[in-house]
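Observations on the model geometry
Chain by chain, the residues run as shown.
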There are 2 protein chains.
Amino acid sequence: MEAKLLLQDHIAKTASITDEQFDYVYSHFKPLFFKKGQTIIISGDKVDCEYFVVSGCLKAFFINDEIKMYILQFAMPTWWTSDYSALYNQTKATINIDCITDAEVLCLSNDDREKLCKEFHQVEHFFRWRTNKGYIASQKRLLSFMNNNVKIRYEELLALYPQLYNLVPKHLIAAYLGVSRETLSRLYASH
Amino acid sequence: MEAKLLLQDHIAKTASITDEQFDYVYSHFKPLFFKKGQTIIISGDKVDCEYFVVSGCLKAFFINDEIKMYILQFAMPTWWTSDYSALYNQTKATINIDCITDAEVLCLSNDDREKLCKEFHQVEHFFRWRTNKGYIASQKRLLSFMNNNVKIRYEELLALYPQLYNLVPKHLIAAYLGVSRETLSRLYASH
DNA sequence: ATCAGAATGTGATGTAGGTCACGTAACCAA
DNA sequence: TTGGTTACGTGACCTACATCACATTCTGAT
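An unreviewed UniProt entry lists chain A under the name Crp/Fnr family transcriptional regulator, with Flavobacterium aquariorum given as the organism.

Here it is, written out as C-alpha coordinates:
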(Lines give C-alpha, C1' and ligand atoms only; values in the text may rest on other atoms or scores of the structure.)
Protein backbone atom coordinates (compact mmCIF):
# COMPACT_ATOMS: atom_id res chain seq x y z
CA MET A 1 0.00 0.00 0.00
CA GLU A 2 1.10 3.55 -0.57
CA ALA A 3 2.81 5.18 2.38
CA LYS A 4 0.28 7.95 2.83
CA LEU A 5 -2.72 5.65 2.83
CA LEU A 6 -1.03 3.21 5.17
CA LEU A 7 -0.40 5.94 7.72
CA GLN A 8 -3.89 7.37 7.36
CA ASP A 9 -5.51 3.98 7.91
CA HIS A 10 -3.22 3.36 10.85
CA ILE A 11 -4.15 6.62 12.55
CA ALA A 12 -7.83 6.27 11.71
CA LYS A 13 -7.97 3.16 13.88
CA THR A 14 -7.60 5.23 17.04
CA ALA A 15 -8.34 8.84 16.11
CA SER A 16 -10.83 10.52 13.81
CA ILE A 17 -9.30 13.26 11.74
CA THR A 18 -10.57 14.72 8.48
CA ASP A 19 -8.81 14.26 5.16
CA GLU A 20 -7.74 17.90 5.17
CA GLN A 21 -6.30 17.59 8.65
CA PHE A 22 -4.49 14.43 7.64
CA ASP A 23 -3.00 16.11 4.57
CA TYR A 24 -1.58 18.77 6.85
CA VAL A 25 -0.30 16.20 9.35
CA TYR A 26 1.20 14.11 6.58
CA SER A 27 3.10 17.10 5.21
CA HIS A 28 5.32 16.87 8.31
CA PHE A 29 6.46 13.35 7.49
CA LYS A 30 9.49 12.82 5.30
CA PRO A 31 9.63 9.60 3.25
CA LEU A 32 12.98 7.82 3.35
CA PHE A 33 14.22 4.78 1.48
CA PHE A 34 16.89 2.50 2.87
CA LYS A 35 18.80 -0.47 1.55
CA LYS A 36 19.28 -3.70 3.46
CA GLY A 37 22.01 -3.20 6.04
CA GLN A 38 21.82 0.59 6.08
CA THR A 39 21.94 2.32 9.44
CA ILE A 40 19.29 4.74 10.65
CA ILE A 41 20.49 5.53 14.17
CA ILE A 42 23.90 4.78 15.66
CA SER A 43 24.67 4.82 19.37
CA GLY A 44 26.09 8.24 20.23
CA ASP A 45 24.06 10.09 17.58
CA LYS A 46 21.78 12.95 18.31
CA VAL A 47 18.22 11.66 17.83
CA ASP A 48 15.70 14.02 16.24
CA CYS A 49 13.09 11.78 14.68
CA GLU A 50 10.93 8.77 15.07
CA TYR A 51 10.12 6.44 12.19
CA PHE A 52 6.95 4.85 10.91
CA VAL A 53 7.72 1.71 8.92
CA VAL A 54 5.92 1.49 5.57
CA SER A 55 7.66 -1.59 4.19
CA GLY A 56 10.56 -3.83 5.12
CA CYS A 57 11.90 -4.72 8.53
CA LEU A 58 14.15 -2.78 10.88
CA LYS A 59 15.80 -3.80 14.11
CA ALA A 60 16.40 -1.64 17.17
CA PHE A 61 19.28 -3.07 19.17
CA PHE A 62 21.77 -2.48 21.92
CA ILE A 63 25.43 -3.46 21.76
CA ASN A 64 27.13 -4.43 25.00
CA ASP A 65 30.91 -4.38 25.44
CA GLU A 66 31.22 -3.98 21.65
CA ILE A 67 30.37 -7.66 21.50
CA LYS A 68 26.91 -8.81 22.41
CA MET A 69 23.80 -7.56 20.68
CA TYR A 70 20.33 -7.46 22.18
CA ILE A 71 17.37 -6.67 19.97
CA LEU A 72 14.72 -4.52 21.59
CA GLN A 73 12.33 -4.52 18.68
CA PHE A 74 11.80 -5.81 15.19
CA ALA A 75 9.96 -2.98 13.45
CA MET A 76 7.56 -4.18 10.78
CA PRO A 77 5.11 -2.21 8.60
CA THR A 78 2.86 0.11 10.64
CA TRP A 79 5.24 -0.05 13.60
CA TRP A 80 6.97 2.98 14.99
CA THR A 81 10.54 2.99 16.13
CA SER A 82 13.24 5.26 17.49
CA ASP A 83 15.46 5.59 20.53
CA TYR A 84 12.61 7.07 22.55
CA SER A 85 14.69 7.60 25.62
CA ALA A 86 17.15 9.74 23.67
CA LEU A 87 14.37 11.39 21.68
CA TYR A 88 12.32 12.52 24.65
CA ASN A 89 15.16 13.34 27.00
CA GLN A 90 17.25 15.03 24.32
CA THR A 91 20.22 12.82 25.07
CA LYS A 92 22.53 10.87 22.77
CA ALA A 93 21.34 7.56 21.37
CA THR A 94 22.25 4.46 23.36
CA ILE A 95 20.74 2.05 20.88
CA ASN A 96 21.13 1.48 17.15
CA ILE A 97 18.55 1.03 14.43
CA ASP A 98 19.29 -0.50 11.05
CA CYS A 99 17.59 -2.29 8.19
CA ILE A 100 17.24 -6.05 8.03
CA THR A 101 15.70 -5.71 4.57
CA ASP A 102 15.24 -2.85 2.12
CA ALA A 103 12.80 -0.51 3.80
CA GLU A 104 10.62 2.53 3.31
CA VAL A 105 9.90 4.66 6.36
CA LEU A 106 8.21 7.93 7.18
CA CYS A 107 10.26 10.19 9.39
CA LEU A 108 8.66 12.55 11.92
CA SER A 109 10.72 14.94 13.99
CA ASN A 110 10.21 15.25 17.72
CA ASP A 111 9.41 18.95 17.31
CA ASP A 112 6.83 18.29 14.65
CA ARG A 113 5.18 15.57 16.70
CA GLU A 114 4.85 17.91 19.65
CA LYS A 115 3.61 20.67 17.39
CA LEU A 116 0.98 18.42 15.81
CA CYS A 117 -0.07 17.09 19.20
CA LYS A 118 -0.60 20.64 20.33
CA GLU A 119 -2.48 21.70 17.22
CA PHE A 120 -4.82 18.70 17.09
CA HIS A 121 -6.33 17.10 20.12
CA GLN A 122 -6.99 13.99 18.03
CA VAL A 123 -3.33 13.65 17.14
CA GLU A 124 -2.40 13.80 20.80
CA HIS A 125 -5.06 11.16 21.39
CA PHE A 126 -3.54 8.96 18.73
CA PHE A 127 -0.05 9.19 20.18
CA ARG A 128 -1.29 8.50 23.68
CA TRP A 129 -2.83 5.25 22.47
CA ARG A 130 0.10 4.25 20.39
CA THR A 131 2.43 4.65 23.36
CA ASN A 132 -0.03 2.88 25.54
CA LYS A 133 -0.04 -0.18 23.36
CA GLY A 134 3.73 -0.13 23.29
CA TYR A 135 3.83 0.07 27.08
CA ILE A 136 1.48 -2.86 27.50
CA ALA A 137 3.45 -4.95 25.00
CA SER A 138 6.68 -4.06 26.75
CA GLN A 139 5.32 -5.11 30.16
CA LYS A 140 4.15 -8.35 28.65
CA ARG A 141 7.54 -9.09 27.19
CA LEU A 142 9.22 -8.28 30.49
CA LEU A 143 6.94 -10.71 32.26
CA SER A 144 7.62 -13.39 29.69
CA PHE A 145 11.32 -12.84 30.24
CA MET A 146 11.02 -13.43 33.94
CA ASN A 147 8.52 -16.22 33.75
CA ASN A 148 9.33 -18.32 30.70
CA ASN A 149 12.33 -20.26 29.50
CA VAL A 150 13.84 -19.77 26.06
CA LYS A 151 11.75 -22.42 24.36
CA ILE A 152 8.47 -20.84 25.40
CA ARG A 153 9.66 -17.34 24.55
CA TYR A 154 10.70 -18.60 21.15
CA GLU A 155 7.30 -20.13 20.50
CA GLU A 156 5.57 -16.95 21.67
CA LEU A 157 7.65 -14.89 19.29
CA LEU A 158 6.87 -17.09 16.30
CA ALA A 159 3.18 -17.13 17.18
CA LEU A 160 3.22 -13.34 17.27
CA TYR A 161 5.30 -12.84 14.13
CA PRO A 162 5.22 -15.94 11.91
CA GLN A 163 6.86 -13.94 9.09
CA LEU A 164 10.03 -13.52 11.14
CA TYR A 165 11.07 -17.14 10.77
CA ASN A 166 11.76 -16.73 7.06
CA LEU A 167 12.56 -13.04 7.07
CA VAL A 168 15.40 -12.65 9.53
CA PRO A 169 18.50 -14.75 10.22
CA LYS A 170 18.27 -17.02 13.25
CA HIS A 171 21.03 -15.31 15.20
CA LEU A 172 18.90 -12.16 15.23
CA ILE A 173 16.00 -14.09 16.65
CA ALA A 174 18.39 -15.34 19.31
CA ALA A 175 19.42 -11.74 20.03
CA TYR A 176 15.78 -10.82 20.48
CA LEU A 177 15.18 -13.71 22.84
CA GLY A 178 18.30 -12.83 24.80
CA VAL A 179 19.91 -16.19 24.21
CA SER A 180 23.00 -17.46 22.40
CA ARG A 181 22.60 -18.54 18.78
CA GLU A 182 23.92 -21.97 19.73
CA THR A 183 21.20 -22.52 22.29
CA LEU A 184 18.53 -21.43 19.82
CA SER A 185 19.95 -23.77 17.21
CA ARG A 186 19.76 -26.68 19.65
CA LEU A 187 16.14 -25.77 20.32
CA TYR A 188 15.23 -26.37 16.69
CA ALA A 189 17.07 -29.67 16.72
CA SER A 190 15.03 -30.97 19.64
CA HIS A 191 12.09 -29.68 17.66
CA MET B 1 1.33 16.21 51.56
CA GLU B 2 -2.37 16.22 51.07
CA ALA B 3 -3.62 13.98 48.29
CA LYS B 4 -5.16 16.71 46.23
CA LEU B 5 -2.08 18.92 46.25
CA LEU B 6 0.18 15.99 45.50
CA LEU B 7 -1.81 15.13 42.40
CA GLN B 8 -2.02 18.73 41.28
CA ASP B 9 1.72 19.22 41.58
CA HIS B 10 2.30 15.96 39.80
CA ILE B 11 0.12 16.92 36.85
CA ALA B 12 1.43 20.47 36.75
CA LYS B 13 4.87 19.10 35.90
CA THR B 14 3.72 18.11 32.42
CA ALA B 15 0.48 19.94 31.76
CA SER B 16 -0.84 23.40 32.52
CA ILE B 17 -4.38 23.40 33.81
CA THR B 18 -6.14 26.05 35.84
CA ASP B 19 -7.21 25.55 39.44
CA GLU B 20 -10.85 25.39 38.40
CA GLN B 21 -10.11 22.78 35.78
CA PHE B 22 -8.14 20.77 38.30
CA ASP B 23 -10.97 20.92 40.82
CA TYR B 24 -13.23 19.41 38.21
CA VAL B 25 -10.67 16.79 37.25
CA TYR B 26 -10.03 15.93 40.87
CA SER B 27 -13.74 15.39 41.51
CA HIS B 28 -13.45 12.22 39.43
CA PHE B 29 -10.87 10.67 41.74
CA LYS B 30 -11.96 8.59 44.68
CA PRO B 31 -9.67 8.47 47.72
CA LEU B 32 -9.15 5.01 49.18
CA PHE B 33 -7.30 3.88 52.28
CA PHE B 34 -5.77 0.43 52.58
CA LYS B 35 -4.06 -1.50 55.34
CA LYS B 36 -0.80 -3.36 54.89
CA GLY B 37 -1.48 -6.65 53.15
CA GLN B 38 -4.83 -5.62 51.68
CA THR B 39 -5.54 -6.56 48.10
CA ILE B 40 -6.52 -4.03 45.44
CA ILE B 41 -6.68 -6.20 42.33
CA ILE B 42 -6.74 -10.00 42.17
CA SER B 43 -6.05 -12.02 39.06
CA GLY B 44 -9.37 -12.83 37.41
CA ASP B 45 -11.08 -9.62 38.57
CA LYS B 46 -12.73 -7.17 36.31
CA VAL B 47 -10.50 -4.08 36.24
CA ASP B 48 -12.21 -0.68 36.13
CA CYS B 49 -9.72 1.74 37.65
CA GLU B 50 -6.18 2.86 37.81
CA TYR B 51 -4.59 4.09 41.01
CA PHE B 52 -2.42 7.07 41.89
CA VAL B 53 -0.38 6.38 45.01
CA VAL B 54 -0.48 9.16 47.61
CA SER B 55 1.36 7.38 50.40
CA GLY B 56 2.68 3.92 51.15
CA CYS B 57 3.95 1.27 48.79
CA LEU B 58 2.07 -1.18 46.57
CA LYS B 59 3.30 -4.06 44.50
CA ALA B 60 1.97 -5.23 41.14
CA PHE B 61 2.84 -8.86 40.64
CA PHE B 62 2.22 -11.97 38.63
CA ILE B 63 1.84 -15.46 40.09
CA ASN B 64 3.01 -18.38 38.01
CA ASP B 65 1.86 -21.96 38.58
CA GLU B 66 0.36 -20.80 41.90
CA ILE B 67 3.92 -20.77 43.18
CA LYS B 68 6.35 -18.23 41.85
CA MET B 69 5.80 -14.52 42.11
CA TYR B 70 7.26 -11.90 39.80
CA ILE B 71 6.95 -8.25 40.71
CA LEU B 72 6.31 -5.95 37.79
CA GLN B 73 6.33 -2.73 39.75
CA PHE B 74 6.75 -1.28 43.20
CA ALA B 75 4.33 1.66 43.24
CA MET B 76 5.50 4.50 45.43
CA PRO B 77 3.94 7.95 46.02
CA THR B 78 3.14 9.80 42.75
CA TRP B 79 3.30 6.54 40.81
CA TRP B 80 0.34 5.16 38.92
CA THR B 81 -0.54 1.51 38.83
CA SER B 82 -3.13 -0.92 37.54
CA ASP B 83 -3.35 -3.94 35.28
CA TYR B 84 -3.22 -1.75 32.19
CA SER B 85 -3.56 -4.62 29.80
CA ALA B 86 -6.84 -5.65 31.43
CA LEU B 87 -7.93 -2.05 31.89
CA TYR B 88 -7.48 -0.99 28.28
CA ASN B 89 -8.53 -4.23 26.63
CA GLN B 90 -11.49 -4.78 28.95
CA THR B 91 -10.28 -8.23 29.87
CA LYS B 92 -9.90 -9.94 33.26
CA ALA B 93 -6.88 -9.11 35.39
CA THR B 94 -3.86 -11.35 34.94
CA ILE B 95 -1.83 -9.64 37.64
CA ASN B 96 -2.42 -8.77 41.29
CA ILE B 97 -1.90 -5.57 43.19
CA ASP B 98 -1.66 -5.36 46.96
CA CYS B 99 -0.24 -3.21 49.73
CA ILE B 100 3.24 -3.70 51.13
CA THR B 101 2.51 -0.97 53.69
CA ASP B 102 -0.58 0.98 54.71
CA ALA B 103 -1.43 3.11 51.74
CA GLU B 104 -3.58 5.95 50.50
CA VAL B 105 -4.44 6.00 46.82
CA LEU B 106 -6.62 7.98 44.45
CA CYS B 107 -8.75 5.83 42.20
CA LEU B 108 -9.69 6.91 38.67
CA SER B 109 -11.98 4.83 36.50
CA ASN B 110 -11.11 4.02 32.92
CA ASP B 111 -14.28 5.74 31.73
CA ASP B 112 -13.53 8.90 33.67
CA ARG B 113 -9.98 9.03 32.39
CA GLU B 114 -11.19 8.78 28.81
CA LYS B 115 -13.88 11.35 29.50
CA LEU B 116 -11.40 13.78 31.03
CA CYS B 117 -8.94 13.22 28.19
CA LYS B 118 -11.68 14.09 25.75
CA GLU B 119 -12.83 17.16 27.66
CA PHE B 120 -9.37 18.65 28.25
CA HIS B 121 -6.60 18.55 25.71
CA GLN B 122 -4.13 19.20 28.53
CA VAL B 123 -5.27 16.13 30.42
CA GLU B 124 -4.74 14.00 27.35
CA HIS B 125 -1.32 15.59 27.06
CA PHE B 126 -0.54 14.68 30.64
CA PHE B 127 -1.52 11.04 30.19
CA ARG B 128 0.45 10.76 26.98
CA TRP B 129 3.58 11.84 28.83
CA ARG B 130 2.94 9.69 31.83
CA THR B 131 2.58 6.62 29.64
CA ASN B 132 5.60 7.66 27.68
CA LYS B 133 7.80 7.76 30.73
CA GLY B 134 6.47 4.37 31.76
CA TYR B 135 7.25 2.96 28.34
CA ILE B 136 10.80 4.26 28.39
CA ALA B 137 11.37 2.91 31.90
CA SER B 138 9.96 -0.44 30.88
CA GLN B 139 12.26 -0.67 27.86
CA LYS B 140 15.19 0.21 30.05
CA ARG B 141 14.33 -2.51 32.53
CA LEU B 142 13.93 -5.04 29.73
CA LEU B 143 17.35 -4.16 28.40
CA SER B 144 18.85 -4.45 31.85
CA PHE B 145 17.28 -7.88 32.16
CA MET B 146 18.90 -9.07 28.98
CA ASN B 147 22.21 -7.36 29.49
CA ASN B 148 23.03 -7.48 33.19
CA ASN B 149 23.45 -10.19 35.77
CA VAL B 150 21.58 -10.18 39.07
CA LYS B 151 24.23 -8.28 40.98
CA ILE B 152 24.17 -5.33 38.61
CA ARG B 153 20.38 -5.31 38.43
CA TYR B 154 20.26 -5.31 42.20
CA GLU B 155 22.60 -2.34 42.42
CA GLU B 156 20.62 -0.50 39.76
CA LEU B 157 17.42 -1.05 41.70
CA LEU B 158 18.85 0.25 44.96
CA ALA B 159 20.39 3.25 43.21
CA LEU B 160 16.97 4.05 41.76
CA TYR B 161 14.97 3.43 44.96
CA PRO B 162 17.21 3.60 48.03
CA GLN B 163 14.11 3.55 50.28
CA LEU B 164 13.23 0.03 49.13
CA TYR B 165 16.06 -1.58 51.04
CA ASN B 166 14.47 -0.80 54.39
CA LEU B 167 10.88 -0.68 53.26
CA VAL B 168 10.24 -4.06 51.67
CA PRO B 169 11.30 -7.61 52.61
CA LYS B 170 14.21 -8.99 50.65
CA HIS B 171 12.26 -11.80 49.05
CA LEU B 172 10.13 -9.16 47.33
CA ILE B 173 13.23 -7.48 45.98
CA ALA B 174 14.27 -10.90 44.69
CA ALA B 175 10.86 -11.27 43.03
CA TYR B 176 11.36 -7.92 41.32
CA LEU B 177 14.81 -8.89 40.10
CA GLY B 178 13.50 -12.23 38.85
CA VAL B 179 15.86 -14.25 41.01
CA SER B 180 15.48 -16.66 43.91
CA ARG B 181 15.60 -15.22 47.43
CA GLU B 182 18.53 -17.52 48.21
CA THR B 183 20.62 -16.13 45.39
CA LEU B 184 19.87 -12.57 46.47
CA SER B 185 20.80 -13.43 50.04
CA ARG B 186 24.15 -14.79 48.88
CA LEU B 187 24.69 -11.58 46.97
CA TYR B 188 24.57 -9.55 50.17
CA ALA B 189 26.95 -11.97 51.85
CA SER B 190 29.58 -11.42 49.18
CA HIS B 191 28.86 -7.77 49.78
C1' DA C 1 4.77 -13.67 77.45
C1' DT C 2 4.14 -17.02 74.14
C1' DC C 3 3.68 -19.22 70.02
C1' DA C 4 3.00 -19.55 64.85
C1' DG C 5 4.24 -17.99 60.86
C1' DA C 6 7.06 -15.03 58.22
C1' DA C 7 11.70 -13.66 56.82
C1' DT C 8 16.40 -14.68 56.28
C1' DG C 9 20.96 -17.30 56.02
C1' DT C 10 23.58 -21.12 54.23
C1' DG C 11 25.13 -25.68 52.58
C1' DA C 12 24.69 -29.44 48.93
C1' DT C 13 23.44 -30.48 44.55
C1' DG C 14 21.08 -30.01 39.89
C1' DT C 15 20.52 -27.76 35.36
C1' DA C 16 19.64 -24.34 31.67
C1' DG C 17 22.05 -21.96 29.02
C1' DG C 18 26.76 -19.68 27.96
C1' DT C 19 31.31 -20.09 25.84
C1' DC C 20 34.74 -22.05 22.97
C1' DA C 21 36.05 -24.63 19.15
C1' DC C 22 35.48 -26.46 14.87
C1' DG C 23 33.10 -27.85 10.55
C1' DT C 24 29.92 -27.16 6.61
C1' DA C 25 26.91 -24.71 3.65
C1' DA C 26 25.04 -20.47 1.54
C1' DC C 27 25.72 -16.07 -0.39
C1' DC C 28 27.74 -12.38 -2.58
C1' DA C 29 31.26 -9.47 -5.01
C1' DA C 30 35.27 -9.14 -8.00
C1' DT D 1 34.79 -19.18 -10.92
C1' DT D 2 36.73 -18.15 -6.82
C1' DG D 3 37.65 -16.56 -2.46
C1' DG D 4 35.77 -14.30 1.61
C1' DT D 5 32.24 -13.34 4.63
C1' DT D 6 28.04 -14.68 6.95
C1' DA D 7 24.92 -18.17 8.61
C1' DC D 8 24.23 -22.27 10.95
C1' DG D 9 25.03 -26.85 13.35
C1' DT D 10 27.13 -29.49 17.03
C1' DG D 11 30.26 -31.39 20.60
C1' DA D 12 32.85 -30.51 25.12
C1' DC D 13 33.02 -28.02 28.94
C1' DC D 14 31.86 -24.15 32.35
C1' DT D 15 29.04 -21.13 35.30
C1' DA D 16 25.33 -18.56 37.21
C1' DC D 17 21.52 -19.43 39.27
C1' DA D 18 17.63 -22.64 40.87
C1' DT D 19 16.09 -25.97 44.03
C1' DC D 20 15.89 -28.47 48.26
C1' DA D 21 16.75 -28.88 52.99
C1' DC D 22 17.31 -27.16 57.38
C1' DA D 23 18.63 -23.73 60.96
C1' DT D 24 17.94 -19.20 62.87
C1' DT D 25 15.93 -15.03 63.72
C1' DC D 26 12.16 -11.66 63.70
C1' DT D 27 7.36 -10.21 64.13
C1' DG D 28 2.72 -9.88 65.15
C1' DA D 29 -1.49 -11.74 67.15
C1' DT D 30 -3.62 -13.74 71.10
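Topic: the packing of helix H8 (residues 170–177) of chain B against helix H9 (residues 181–189) of chain B
Residues and elements named next belong to chain B. Two elements in contact, H8 and H9, have axes separated by 9 Å at closest approach and are oriented at 110 degrees. As summarised for this structure, H8 and H9 are arranged roughly perpendicular, according to the angle between their axes. Between H8, through Lys170, His171, Ile173, Ala174 and Leu177, and H9, the contact on the second element is made entirely by Arg181, Leu184 and Tyr188. Here the residues of the contact of H8 with H9 are counted per class, giving five nonpolar, one polar and two charged.

A short note on the protein's contact with DNA strand C
Near DNA strand C lie 19 residues; those nearest to it are Thr183 of chain A together with Lys170, His171, Arg181 and Arg186 of chain B. Each atom of DNA strand C within 4 Å of the protein belongs either to a base or to sugar and phosphate, the latter forming 50%. In this structure, His171 of chain B approaches DNA strand C through a main-chain N or O atom, which is 3.2 Å from a phosphate oxygen. Elements represented by at least two residues in the surface near DNA strand C include exactly helix H9 (181–189) of chain A together with H8 and H9 of chain B. The element that contributes the greatest number of residues to the surface near DNA strand C is H9 of chain B, accounting for six residues. Class assignment for the residues of the surface near DNA strand C results in five nonpolar, six polar and eight charged.

So, helix H1 (residues 3–12) of chain B
All names here are of chain B. Within H1, burial applies to Ala3, Leu6, Leu7, His10 and Ile11. Projected down its long axis, H1 shows its buried positions confined to an angular sector of 125 degrees, all on one face. In the core, the buried residues of H1 are packed alongside helix H2 (19–26), strand S3 (49–55), strand S6 (80–81), strand S8 (103–109) and helix H5 (121–147).

Reading the values: the criteria
- Residues numbered from 1 in each chain as written.
- Chains lettered and ligands numbered in written order.
- Predicted model: local features only at pLDDT ≥ 70, side-chain atom pairs only at ≥ 80, totals over all residues.
- Heavy atoms only, no water.
- Axes fitted to C-alpha atoms, helices over the stretch in contact; angles between N-to-C directions.
- Helix = DSSP H or I, 4+ residues; strand = E, 2+ residues; numbered from the N terminus.
- Parallel < 35°, antiparallel > 145°, perpendicular 65-115°, else oblique.
- Contact = heavy atoms within 4.5 Å.
- Nonpolar A, V, L, I, M, F, W, Y, C, P; charged D, E, K, R; others polar.
- Near = heavy atom within 4 Å.
- Polar contact = N/O pair within 3.5 Å; in protein donor to acceptor, adjacent residues only side chain to side chain.
- Buried < 20%, exposed > 50% of the residue type's maximum accessible area, 1.4 Å probe, protein only.
- Arc of directions from axis to C-beta.

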